[in-house]
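# Per-entry structural report
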Amino acid sequence: MKILVIDDDPFILKVLTRQLAQASRKEVIACSSAEQALSLLERAGATIALVILDLQMPQMDGIECVRHLARLGYQGGVLLLSGEDERILSTAQSLARAHGLNVLDAVRKPISLARLCQVLEQGQAAPLLPKRGPLDLCDPADLARGIASGELINHYQPKVVLANGAVDGVEALVRWQHPRHGIIYPDQFISVAEQHGMIEELSRCVMRQALTDARLWRQHGLRLNIAINVTMNNISSLLFPEFVTQMAMETGMPLDHLILEVTESQLMAEPLKALDSVTRLRLKRIGLSIDDFGTGYSSLAQLRDIPFSELKIDRSFVHQASRDPTRRAIFDSTLAMAEQLGMNTVAEGVEDAEDWDYLQKTGRCQLAQGYFIARPMPAEQMNDWMQQWSHRLEGLIALREK
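Owing to the predicted nature of the structure, the values given are computational and were not obtained by experimental measurement. (Residues numbered from 1 in each chain as written. Predicted model: local features only at pLDDT ≥ 70, side-chain atom pairs only at ≥ 80, totals over all residues. Heavy atoms only, no water.)

### Regarding the pairing of strand β10 (residues 258-262)
For β10, the buried fraction is high: five of the five residues fall into the buried class. Side chains Leu-258, Leu-260 and Val-262 of β10 all project onto a buried face; the interleaved residues Ile-259 and Glu-261 project onto the opposite face, where all are buried too. For strand β9 (residues 225-230) and β10, the ladder comprises five bridges, and the chain directions are parallel. Looking across to β10, one finds that Ile-228 is bridged to Leu-260. On the question of chirality, the crossover connecting β9 to the parallel β10 by way of helix α9 (residues 240-251) is right-handed. For β10 and strand β11 (residues 287-293), the ladder comprises four bridges, and the chain directions are parallel. Residue Ile-259 lies in a different strand from β11, and its bridge partner there is Gly-287. (Buried < 20%, exposed > 50% of the residue type's maximum accessible area, 1.4 Å probe, protein only. Helix = DSSP H or I, 4+ residues; strand = E, 2+ residues; numbered from the N terminus. Pairing = 2+ DSSP bridges. Right-handed = clockwise from strand over helix to strand, strands pointing away.)

### Quick look at the packing of aromatic side chains
Following the criterion strictly, the structure yields seven aromatic pairs and no others. Their ring planes at 50 degrees and their centres at 6.0 Å tell us that Phe-331 and Tyr-358 sit as a pair that is tilted. Here Tyr-358 lies in helix α14 (residues 353-362) and Phe-331 lies in helix α13 (residues 325-340), a separation of 27 residues in the sequence. With relative accessibility at 1%, the residue Phe-331 sits in the buried group. For Tyr-358, a relative accessible area of 14% corresponds to the buried category. Ring centres 5.9 Å apart and planes at 85 degrees place the aromatic pair Trp-356 and Trp-389 in the edge-to-face group. A residue pair is termed long-range when its members are at least 10 positions apart, and Trp-356 in helix α14 and Trp-389 in helix α15 (residues 382-401) qualify at 33 residues. For Trp-389, a relative accessible area of 3% gives the class buried. (Phe/Tyr/Trp six-rings, centres within 6.5 Å; stacked < 30°, edge-to-face > 60°.)

### Concerning helix α10 (residues 271-283)
If you check α10, its first and last C-alpha atoms are 18 Å apart, about what 13 residues at 1.5 Å a residue would give, namely 18 Å. Within α10 the residues assigned to the buried category are Ala-274, Ser-277, Val-278 and Leu-281. Down the axis, α10 shows its buried residues gathered within 95 degrees of arc, on one side only. Turned more than 90 degrees away from the buried face of α10, the exposed residues are Leu-272 and Leu-283. In this structure, the buried side of α10 is in contact with α9, β10 and β11. Once α10 ends, the next one or two residues include Arg-285, with phi positive near 70 degrees. (Expected span 1.5 Å × (residues − 1). Arc of directions from axis to C-beta. Contact = heavy atoms within 4.5 Å.)

### A look at the nonpolar core
Membership of the largest hydrophobic core comes to 77 residues, with the highest contact counts inside it found for Trp-217 and Trp-356. It is helix α8 (residues 199-219) that provides the largest number of residues to this core, a total of nine residues. Non-local contacts of Trp-217, meaning those with residues more than four positions away in its chain, are made with Tyr-156, Val-170, Leu-222, Leu-224, Ile-226, Ala-379 and Met-382. Core analysis: the next-biggest nonpolar cluster, separate from the first, contains 27 residues, Ile-6, Leu-53, Leu-89 and Ala-106 among them. (Core = buried A, V, L, I, M, F, W, Y, C linked by side-chain atoms within 4.5 Å.)

### Topic: helix α3 (residues 62-71)
Taken residue by residue, α3 has Gly-62, Cys-65, Val-66, His-68 and Leu-69 as its buried positions. Along the long axis of α3, the arc covered by the buried residues comes to 165 degrees, so they all point the same way. In this structure, the buried side of α3 is in contact with β1 (2-6), α2 (34-44), β3 (48-54), β4 (77-82) and α4 (86-98). Two residues or fewer past α3, Gly-73 is found with a positive phi of approximately 70 degrees.

### Remarks on the packing of α4 against α13
Packing of α4 against α13 brings their axes to within 9 Å, and their N-to-C directions diverge by 85 degrees. Put simply, α4 runs roughly perpendicular to α13. For the pair formed by α4 and α13, the contact residues are Glu-86, Arg-87, Ser-90, Gln-93 and Ser-94 on the first element and Pro-325, Thr-326 and Arg-327 on the second. Counted by class, the contact of α4 with α13 contains one nonpolar, four polar and three charged residues. (Axes fitted to C-alpha atoms, helices over the stretch in contact; angles between N-to-C directions. Parallel < 35°, antiparallel > 145°, perpendicular 65-115°, else oblique. Nonpolar A, V, L, I, M, F, W, Y, C, P; charged D, E, K, R; others polar.)

### Describing unusual backbone geometry
Working note: non-glycine residues mostly have negative phi, and peptide bonds are mostly trans. Here Lys-109 and Pro-110 are connected by a cis peptide whose omega angle stands at -10 degrees. Summarising the element assignment, Pro-110 is placed in the loop between β5 (102-108) and α5 (113-125). With phi around 70 degrees, Gln-320 is a residue other than glycine that occupies positive phi space. Looking at where Gln-320 falls in the secondary structure, it is placed in the loop between α12 (315-318) and α13. Of the residues examined, Gln-320 reaches a relative accessible area of 5% and is grouped as buried.

Structural measurements only, silent on function.
And the structure:
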């Protein structure tokens, strides 16, 4: 496997080649233009493990090159470099990720050897996830059959207390175990369920399974808070609070250990009924969390009108906040607002040790969730993961005390 460096500056190419010789045993290929690099990738793209790309180049710039990398289906790592300001770098990184590229970092020139080594290690530790099927895979009739046949399954992603690493609870994340296509992720079928009137039954399936799994965990001594995703249109039904209460009673789930995470992918169709339901849910001591705050339809008006108990800060404001002034400013201001409103906060998208260390140093966010802690897992893997996390936490604490 090789590393491809693309930069129109001969001096930068020479410096990077020398740094990479020190930091990696991989062969380095230097290209002075994007056109030359793309021609090479078309012939031998499978042998390129990492592309280091300058954004500011004559003729074809780095942004246009990113588009062509996506067109070629390039699956290796990408490191973006530029002398431009941090906000342009951040935007370029977001754009490249939106194209489906595995962007390891976006760094201002010149990059230090230490930072380069860190990026190379990150690329080895976090390979690309398997590619998902096409977004038009989900047929409404097939989804209705899958729901009726019990093909929806839950995976669970832990949430931990930042102050001490204790496991606070889990978020239930639905998957479709399709008999022909295998695991299908929610971004491929949730919108179909919403558009074809199936979201209420889908959400009820997820809740039944989550509360049943929680009962089994309690029998093994694990008393975890359970967070379940619903939409505002889910809870616009005036009977929804009774359904939740009945399900909790049947499974022995304490209501104050249940959190409903509101993901508002569509505007509320019936705001009055939704406000009726959420207020009654809160009176029953069921937690209410606003998910992915700062994106989509999540807004200050929702915080004003709905009695949320928890605010989840979207990963786009958490991951790399330690090195991105814009993300850090939004993250800090959101934390300050949540504190003033008396709400708990969850940082989503804690992807690496740098994110974890930054959150611990801020000391203001209560909970953390992300791949650095754990990927979503089937219910039966929770006990094993708990033991692994306990050992790993001992190592993290020891490192912090050094």
